[in-house]
Amino acid sequence: EKAVAAANEAKVDAFKPKVPSWPHSVSIGSPSGGWLVNGIRLLESERIAVRQTNYGTQEMVDAIRNAVDEVHAKFPETKRLAVGDLSRSRGGYFPPHVSHQNGRDADIGYYLKRGHNTRRLKHANWRTLDVARTWTFIASMMRDDKVEYIFIDYRLKRSLYRYARDEMKVPTETLDKYFAYTKGRKKRKGIIRHLRGHADHMHVRFHT
């Protein structure tokens, strides 16, 4: 009888809807006209300082956490990274941003050699930018083609490009995939692109 009961139970289980193993957060619509279902909150930690409006897809939140962890693994004693706005818990219009509506956009501060602030997005230049830590963070996020765009001030891109090329020995074909730097300020090619107003933070947009 127990064997029959077990067999019948197995048949019932076979017809039960399977709960997917992937996260239940879903990005709907476009970054400038969408919303977020079951948004995941990026929580404050010993390595990340966050604002209140910090929800996104599980994939994006995990990518940010993993990138920060990679920086700390490579550079112990790294200070906390200031993270700005992501999306609202349910997405939607989020002034003053045009985008940030469907859990795929994140404003993230730079690691700085001096003047680093764990609460504010601080202006960076070629003297103050901690290129090694910032590149480690960016490279982690770009791995596995998770990121669609990263908007960064053109002058900071120059430092990051040279570090990736000269110190990390990134192959030319990969540099061309990552950077629009060598093609000029206004070129819209590559993942890392110039956008005015991004000297105090990078704007990262993830694929759906």
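Every chain is numbered independently, its residues counted from 1 as its sequence is written. The predicted origin of the model limits local features to residues at a pLDDT of at least 70 and limits the giving and counting of side-chain atom pairs to 80 or more, whereas totals for whole chains, interfaces and linings rest on all residues. Hydrogens and water are ignored here; the side-chain numbers use all heavy atoms of the structure.

### Quick notes on the environment of Asp85
How we decide: Think of it this way: any DSSP run of H or I at least four residues long counts as a helix, any run of E at least two long counts as a strand, and we number them from the N terminus. In what follows, a contact means two residues having at least one pair of non-hydrogen atoms within 4.5 Å.
One can find Asp85 in the loop between β6 (81-82) and β7 (105-108). Taking C-alpha positions, Asp85 is 7.9 Å from Ile108, a pair spaced 23 residues apart along the chain. In contact with Asp85, not counting residues within four places along its chain, are Arg51, Thr53, Phe94, His97, His100, Asp105, Ala106 and Asp107.

### Here we look at the side chain of His116
So the rule is basically this: The buried label goes to any residue with under 20% of its type's maximum accessible area, the exposed label to any with over 50%, and the partly exposed label to all in between, with areas taken from a 1.4 Å probe on protein chains only.
Here His116 lies in the loop between β7 and α3 (131-142). Of the residues examined, His116 reaches a relative accessible area of 15% and is grouped as buried. The contact partners of His116, leaving out residues within four places of it in the chain, are Lys79, Arg80, Leu81, Tyr110 and Tyr111.

### So, the nonpolar core
For the record, the criterion: Put simply, a nonpolar core is a bunch of buried Ala, Val, Leu, Ile, Met, Phe, Trp, Tyr and Cys residues held in one set by side-chain atoms that sit within 4.5 Å of each other.
If you look at the biggest cluster of nonpolar residues, it comprises 46 residues, and the most contacted ones within it are Ile108, Trp135, Phe137, Ile138, Ile150 and Met202. Looking at this core, the elements that each hand over two or more residues are α2 (58-74), β7, α3, β8 (147-152), α4 (154-167), α5 (172-178) and β10 (202-206). In terms of residues, this core owes the most to one element, α3, which gives eight residues. When sequence neighbours within four positions are dropped, the list of residues in contact with Trp135 reads Met142, Leu160, Tyr163, Ala164, Met168, Val170, Tyr178, Phe179 and Ile192.

### Description of the packing of aromatic side chains
Rules: Within 6.5 Å between ring centres, the rings of Phe, Tyr and Trp (the latter by its six-membered ring) count as paired, and their orientation is classed by plane angle as stacked under 30 degrees, edge-to-face over 60, tilted in between.
Tallying each qualifying case throughout the model produces five aromatic pairs. An angle of 90 degrees between the planes, with centres 5.2 Å apart, marks the rings of Tyr161 and Phe179 as edge-to-face. Here Tyr161, found in helix α4, pairs with Phe179, found in the loop between α5 and β9 (192-194); they are 18 residues apart in sequence, far enough to count as distant. Judged by its relative accessible area of 9%, Tyr161 falls in the buried class.

### Comments concerning the packing of α2 against α3
Stated formally: Between N-to-C directions, angles span 0 to 180 degrees; the directions come from axes that are lines fitted to C-alpha atoms, helices contributing only their stretch in contact. Roughly parallel means an angle under 35 degrees; roughly antiparallel, over 145; roughly perpendicular, 65 to 115; everything else is oblique. Handedness of a crossing follows from how the near helix is turned relative to the far one, being left-handed for an anticlockwise turn of less than a right angle and right-handed for a clockwise one. Residues are grouped as follows: Ala, Val, Leu, Ile, Met, Phe, Trp, Tyr, Cys and Pro are nonpolar; Asp, Glu, Lys and Arg are charged; all remaining types, including Gly, are polar.
It is at 8 Å that the axes of α2 and α3 come closest, and there the two elements cross at 140 degrees. By the criterion of interaxial angle, the relationship of α2 to α3 is oblique. At the point where α2 passes α3, the crossing takes the right-handed sense. Here α2 contributes Ala63, Ile64, Asn66, Ala67, Val68, Glu70, Val71 and Lys74 to the contact with α3, which in turn contributes Arg133, Thr136, Phe137, Ser140 and Met141. Here the contact of α2 with α3 is built from residues that sort into seven nonpolar, three polar and three charged.

### What to know about the pattern of salt bridges
Worth spelling out the cut-off: Criterion for a salt bridge: a side-chain nitrogen of Lys or Arg within 4 Å of a carboxyl oxygen of Asp or Glu.
Within the structure shown, the criterion is met by twelve salt bridges. Between Arg65 and Asp62 there is a salt bridge whose closest N-O contact spans 3.7 Å. Of the two residues, Arg65 and Asp62 are both situated in helix α2; the distance of three residues between them amounts to about one turn of the helix. Judged by its relative accessible area of 27%, Arg65 falls in the partly exposed class. Residues Lys177 and Asp145 are paired through a salt bridge, measuring 2.8 Å at the closest nitrogen-oxygen approach. Of this pair, Lys177 sits in helix α5 while Asp145 is found in the loop between α3 and β8, placing the two residues 32 residues apart along the sequence. It is possible to trace a salt-bridge network through shared partners that takes in Glu44, Arg80 and Arg119.

### Examining α2
Just so we agree on the cut-off: Take the number of residues in a helix, subtract one, and multiply by 1.5 Å to get its expected span.
With 17 residues, α2 ought to run about 24 Å at 1.5 Å a step, and its terminal C-alpha atoms sit 24 Å apart, in line with that. What α2 keeps buried is the set Gln58, Met60, Val61, Ala63, Ile64, Ala67, Val68, Val71 and His72.

Remember that the coordinates give geometry; whether it matters functionally is a separate question.
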